[in-house]
Amino acid sequence: MLIDWFTVIAQVINFLILVWLLKRFLYRPILDAIDAREKRIAAKIADAETKETEAQKQREEYQQKNEVFDQQRNAHMNEMQEAAKTERAQLLDAARQESEDLRGRLEQALRNEQQSLNEELGRRAREEVFAIARKVLSDLAGTSLEQRMTDIFLDSLHKLNKAQITELKSALKKSSDALRVRTAFQLSEKQSAAIETAVAEILGKQKPLEFIIVPDLVSGIEIISGGRKIAWSITDYLDSLANSVDDLLKNKTATEGAVAEKTAATTGQDVENNEH
Amino acid sequence: MNLSPDNIIYWQMGFFKLNATIVYTWGLMLVLVIGSKLITRNLSTEQQRSRWQNLLEIIVTGINQQIEEVGLKNPQKYLSFLGSLFLFVAMASLFTVVPGYEPPTGSLSTTTALAICVFIAVPMFGIEQSGVGGYLRSYLQPTVIMLPFNIVSEISRTLALAVRLFGNMMSGTMILAILLTITPFIFPIIMSALGLLTGMVQAYIFSILATVYIAAATRVRSTKPEGEAENKTESESK
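Student: Could you give an account of the overall build of chain A, with specific residues and numbers?
Tutor: Summing up its helical and strand segments, chain A has 5 helices and 4 strands in all. Shown N-terminal to C-terminal, the secondary structure of chain A runs as helices and strands in the order α-α-α-β-α-β-β-β-α. Residue burial in chain A is summarised as follows: out of 276 residues, 24% are buried. Total accessible area on chain A is roughly 20,000 Å²; 54% of this is exposed by carbon and sulfur atoms.

The structure is reproduced here in structure tokens:
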């Protein structure tokens, strides 16, 4: 008999023990290890997926933030540019206004100066003219300036044409006042009488003349009646003198400006030379 | 010349005895258990792991996969029994390369013991799966007339299991012994290599047959409703 029953029983027991031992030492640990590894890998993959989704979300968020930031920045830039433009325009306007004001003031000052100079010139010229005329007249003709003036005035009275005389007469009739003779100096008796006679000759019998001394009259004589006047003075000469002086002054200013510019240029050159 | 390692008796006391079959079985058990213990002592759950652990993982997952492919739904439940069958038979034939070694599977007592284990395990798993009634009803499939045939097949296949493994293992050892006496060079090596191959094939056949038997016993109940459902749909379509 090939089958030994004791061995059969022993082998059955042996095999059962082997099954138990292998289960304990081989299958369970190995399967557990595999399961643990799979679980770990699955966890890692899940973790990676979560991180990826998170990263994706964050990326989108940051992109959105960037866009918003860009927009804000652009808006701010535009605002700033606008503000700068406005500010610049305002500043330019203010500066222009200021420069214009300054120029106006300067011009005004220049004009004032010119005017006062003119006046001064006129005053001096008058005095000079009178002094010269007086001297010349007394030296050459032995007559005083006042006498000569009176003569010329009388001449002009005689030279009046008829229309002018008529006009004067009608003016005299309308006016109730006396005929006034204004002079810059004291007339002598003889001169007064001559004027009275001349007036009487031209205008007919009149009320006695009224003589008034006005120093500002610039050494002239004039007859005033109801808004009409017959006059002689050296104002005309003075006006022409003033005009010629004005021209002279203008020319001088222009020349001075040119000279100043030239000086500035030269100075600049000097500075450059010094730098070299 | 011994036909079976049972006949090599080291110690005997009445009914109890210690023959080569039992001793070599113990040896194999020690190698298997201590080897597993040594390797699984430092198991790694990381991506990196030792070569031995890799080997064991391949073996265990391979067996697991085989069981699943045969059709058992929850392979881990049967892994201990079927895996141990395969590993024991495979190791028994693998150690034939060691001179002086007598494979315990070359003894009809051992193969009978393993076949008896399968013979008991099949109804146990079947009953566990579908209950006593459910399992016993499987003997009446497809008709009551088949009952004696089912019982005969149950016994005969157990016998076949035992004798097939025994015949193969014993013949391998016998051929090797005979060849050694006739042509002591080269041929024994070739036969020994062939013996290793047949040993592996036998281990696979033994365990896969056991798996098929268990699958047949446990599948009865779970397939029945599906079949009925199929019949119903067929009749409806007609």
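Past the structure itself, the notes keep going.
Student: Outline helix 2 (residues 145-159) of chain A, listing residues and values.
Tutor: The first and last C-alpha atoms of helix 2 of chain A sit 21 Å apart over 15 residues, in line with the 21 Å expected at 1.5 Å per residue. For helix 2 of chain A, the full list of buried residues reads Leu 145, Met 149, Thr 150, Phe 153, Leu 154 and Leu 157 of chain A.

Student: Residues and numbers for the pattern of salt bridges, please.
Tutor: Taken as a whole and judged by the stated rule, the model has 9 salt bridges over all chains. Note that Arg 37 of chain A is salt-bridged to Glu 57 of chain B, the shortest N-O span being 2.8 Å. Pair noted here: Arg 37 of chain A is in helix 1 (residues 5-140) and Glu 57 of chain B is in helix 2 (residues 51-70), and the two residues belong to different chains. Look at Glu 57 of chain B and you get buried, because its relative accessible area is 6%. Here Asp 47 of chain A and Lys 51 of chain A are joined by a salt bridge, their closest N and O atoms 3.5 Å apart. Taken together, the residues span about one helical turn, with Asp 47 of chain A and Lys 51 of chain A both in helix 1 at a distance of 4 residues. The exposed category is assigned to Lys 51 of chain A, whose relative accessible area is 52%. Salt bridges sharing partners connect three or more residues here, namely Arg 37 of chain A together with Arg 49 and Glu 57 of chain B.

Student: Go over a positive patch on the surface with me, naming the residues and quoting the values.
Tutor: Together, Lys 23, Arg 24 and Arg 28 of chain A together with Lys 37 and Arg 41 of chain B make up a positively charged patch on the protein surface. For the positive patch, the elements supplying multiple residues, two or more each, are helix 1 of chain A together with helix 1 (20-41) of chain B. The leading source of residues in the positive patch is helix 1 of chain A, at 3 residues. Of note, Arg 28 of chain A is situated in helix 1. For Arg 28 of chain A, a relative accessible area of 46% gives the class partly exposed.

Student: How would you explain the packing of helix 2 of chain A against helix 4 (residues 189-203) of chain A if you had to name every residue and give the values?
Tutor: Geometrically, a packed helix pair is captured by the angle between its two axes and the distance between the axes. All names here are of chain A. As a packed pair, helix 2 and helix 4 sit with axes 10 Å apart at the nearest point and diverge in direction by 5°. Compared by their axis directions, helix 2 and helix 4 come out roughly parallel. Residues Glu 146, Gln 147, Thr 150, Leu 154, Leu 157 and His 158 of helix 2 lie in contact with helix 4, whose contacting residues are Gln 191, Ala 194, Ile 195, Ala 198, Val 199, Glu 201 and Ile 202. Of the residues contributing to the contact of helix 2 with helix 4, the split by class is 7 nonpolar, 4 polar and 2 charged.

Student: Kindly report on the interface of chain B and chain A, identifying the contributing residues and their values.
Tutor: If you look at the interface, chain B gives 47 residues, while chain A gives 30 residues. Of the roughly 3,700 Å² buried between chain B and chain A, counting both surfaces, carbon and sulfur atoms make up 74%. Among the residues chain B hides against chain A, the three largest losses belong to Met 29, Val 33 and Thr 45 of chain B. Together they make up 14% of the total. Where chain B touches chain A, the interface holds 2 salt bridges. At the junction of chain B and chain A, the tally comes to 11 residue pairs in polar contact (both at pLDDT 80 or more). Secondary structure elements with two or more residues in the side of chain B that touches chain A: strand 2 (16-19), helix 1, helix 2, helix 3 (75-94) and helix 4 (108-137) of chain B. With 10 residues, the single largest contributor to the side of chain B that touches chain A is helix 1 of chain B. Tallied by class, the residues present in the side of chain B that touches chain A amount to 23 nonpolar, 18 polar and 6 charged.

Student: Could you give an account of unusual backbone geometry, with specific residues and numbers?
Tutor: With a phi angle near 60°, Ile 186 of chain B is a residue other than glycine that sits in the positive phi range. With relative accessibility at 59%, the residue Ile 186 of chain B sits in the exposed group.

Student: Would you mind going over the environment of Asp 4 of chain A in detail, with residue names and values included?
Tutor: Turning to its location among the elements, Asp 4 of chain A is positioned in the segment before helix 1. We classify Asp 4 of chain A as buried; its relative accessible area is 16%. For Asp 4 of chain A, the residues in contact, after removing those within four places along its chain, are Asp 6, Lys 17, Asn 19 and Ser 109 of chain B.

Student: Just give me the short version of the side chain of Ser 80 of chain B, but keep the residues and values in it.
Tutor: Examined against the element boundaries, Ser 80 of chain B turns out to sit in helix 3. For Ser 80 of chain B, a relative accessible area of 8% gives the class buried. Residues within four places of Ser 80 of chain B in sequence aside, it is in contact with Val 19, Lys 23 and Tyr 27 of chain A.

Student: Lay out the nonpolar core in plain terms, naming residues and giving numbers.
Tutor: Membership of the largest hydrophobic core comes to 62 residues, with the highest contact counts inside it found for Leu 26 of chain A together with Phe 81, Leu 82, Leu 85, Leu 114, Val 118 and Ile 214 of chain B. Put simply, the parts of the chain that give this core at least two residues each are helix 1 of chain A together with helix 1, helix 2, helix 3, helix 4, helix 5 (147-182) and helix 6 (187-237) of chain B. When residues of this core are assigned to their parent elements, the largest contribution, 13 residues, is made by helix 1 of chain A. Of all hydrophobic cores here, the second largest spans 24 residues; its members include Met 149, Leu 157, Ala 198 and Ile 223 of chain A.

Student: Tell me what's going on with the side chain of Gln 11 of chain A, and back it up with residues and numbers.
Tutor: If you trace the backbone, Gln 11 of chain A turns up in helix 1. For Gln 11 of chain A, a relative accessible area of 3% translates into the label buried. Contact partners of Gln 11 of chain A, with chain neighbours within four places excluded, come to Thr 21, Ile 22, Thr 25, Pro 104, Thr 110 and Ala 113 of chain B.

Student: A description of the packing of aromatic side chains should follow, citing residues and the corresponding values.
Tutor: Using the criterion set out here, one finds 9 aromatic pairs over all chains in the structure. Considering the side-chain rings of Phe 6 of chain A and Phe 16 of chain B, the 5.7 Å spacing of their centres and the 85° angle between planes classify their relative orientation as edge-to-face. Highlighted residues: Phe 6 of chain A in helix 1 and Phe 16 of chain B in strand 2, drawn from two different chains. Among the residues examined, Phe 6 of chain A registers a relative accessible area of 13% and is labelled buried.

Student: So what about helix 3 of chain B? Which residues, and what values?
Tutor: At Phe 81 of chain B, helix 3 of chain B shows its largest bend, some 35°. By the criterion of burial, helix 3 of chain B is predominantly enclosed, with 16 of the 20 residues buried.

Student: Hey, could you go over the confidence of the model for chain A for me, with residue numbers and the actual values?
Tutor: For chain A, mean pLDDT is 81; residues scoring 70 or higher make up 78% of the total. Model confidence for chain A, summarised as mean pLDDT per element, is weakest for helix 5 (residues 235-275) of chain A at 63 and strongest for helix 1 of chain A at 91.

Rules of the game
- Residues numbered from 1 in each chain as written.
- Chains lettered and ligands numbered in written order.
- Predicted model: local features only at pLDDT ≥ 70, side-chain atom pairs only at ≥ 80, totals over all residues.
- Heavy atoms only, no water.
- Helix = DSSP H or I, 4+ residues; strand = E, 2+ residues; numbered from the N terminus.
- Buried < 20%, exposed > 50% of the residue type's maximum accessible area, 1.4 Å probe, protein only.
- Areas by Shrake-Rupley, 256 points an atom, 1.4 Å probe, with all protein chains shown as cover.
- Expected span 1.5 Å × (residues − 1).
- Salt bridge = Lys/Arg side-chain N within 4 Å of Asp/Glu carboxyl O.
- Patch = residues over 30% accessible without salt bridge, like charges linked within 9 Å, V, L, I, M, F, W, Y side chains within 5 Å.
- Lys, Arg positive; Asp, Glu negative; His and termini not counted.
- Charge placed at Lys NZ, Arg CZ, Asp CG, Glu CD.
- Axes fitted to C-alpha atoms, helices over the stretch in contact; angles between N-to-C directions.
- Parallel < 35°, antiparallel > 145°, perpendicular 65-115°, else oblique.
- Contact = heavy atoms within 4.5 Å.
- Nonpolar A, V, L, I, M, F, W, Y, C, P; charged D, E, K, R; others polar.
- Buried area = accessible area lost by both parts, 1.4 Å probe.
- Polar contact = N/O pair within 3.5 Å; in protein donor to acceptor, adjacent residues only side chain to side chain.
- Core = buried A, V, L, I, M, F, W, Y, C linked by side-chain atoms within 4.5 Å.
- Phe/Tyr/Trp six-rings, centres within 6.5 Å; stacked < 30°, edge-to-face > 60°.
- Bend = angle between axes of the 7 residues up to and from the residue.
- pLDDT = per-residue confidence, 0-100.

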